[in-house]
Amino acid sequence: MLDNLAIDPTERTDLADGEPEKRAELLALLDAHQADRKPALYPSMVGGVTKIDTSLAGPYEPGDECVIWSNSGWGFSAIADLGDN
């Protein structure tokens, strides 16, 4: 997701499709960072589902977007919509 926080501070509009060069540039920087990082000192001990783009204070609702979070690697493995679960 590519956002312009100056005009969209709540990150509601994904600009990635309209900015393919910027998206490619940022992905290349992220890939370079990942390639240069050292392995984790300790194995992942925490993993779970957390809501994104909404407050964590309220309960999970159908349709909430979530990420499966781990403290290893990229930090996330998938973005999911809870749907009716």
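Residues numbered from 1 in each chain as written. Predicted model: local features only at pLDDT ≥ 70, side-chain atom pairs only at ≥ 80, totals over all residues. Heavy atoms only, no water.

Draft legend 1. Quick look at the overall build of the chain. For the chain, the helix and strand inventory stands at one helix and three strands. Classification of the 85 residues of the chain by burial places 12% in the buried group. The long-range fraction of contacts in the chain, counting pairs at least 24 apart against all pairs at least 6 apart in sequence, stands at 19%. Element-wise, carbon and sulfur atoms account for 57% of the exposed surface of the chain, whose accessible area totals about 6900 Å². (Helix = DSSP H or I, 4+ residues; strand = E, 2+ residues; numbered from the N terminus. Buried < 20%, exposed > 50% of the residue type's maximum accessible area, 1.4 Å probe, protein only. Contact = heavy atoms within 4.5 Å. Areas by Shrake-Rupley, 256 points an atom, 1.4 Å probe, with all protein chains shown as cover.)

Draft legend 2. Seen up close, the environment of aspartate 64. Along the polypeptide, aspartate 64 turns up in the loop between strand E1 (47–51) and strand E2 (65–70). Looking at aspartate 64, its side chain comes within polar contact range of the main-chain nitrogen of glutamate 61, at 2.7 Å. (Polar contact = N/O pair within 3.5 Å; in protein donor to acceptor, adjacent residues only side chain to side chain.)

Draft legend 3. Local environment of a nonpolar patch on the surface. Side chains of Val49, Tyr60 and Ile68 sit close together on the surface and give an oily, nonpolar patch of about 260 Å² of accessible area. Position of valine 49 among the secondary structure elements: in strand E1. Valine 49 sits in the partly exposed class, given a relative accessible area of 46%. (Patch = residues over 30% accessible without salt bridge, like charges linked within 9 Å, V, L, I, M, F, W, Y side chains within 5 Å. Salt bridge = Lys/Arg side-chain N within 4 Å of Asp/Glu carboxyl O.)

Draft legend 4. Focus on the confidence of the model for the chain. When pLDDT is averaged along the chain, the result is 77, and 75% of the positions lie at 70 or above. Ranking the elements of the chain by mean pLDDT puts strand E3 (residues 76–81) last, at 46, and helix H1 (residues 20–36) first, at 91. Counting contacts from residues 74–82, a segment whose pLDDT is below 50, to residues more than four positions away or on other chains yields 25 contacts. (pLDDT = per-residue confidence, 0-100.)

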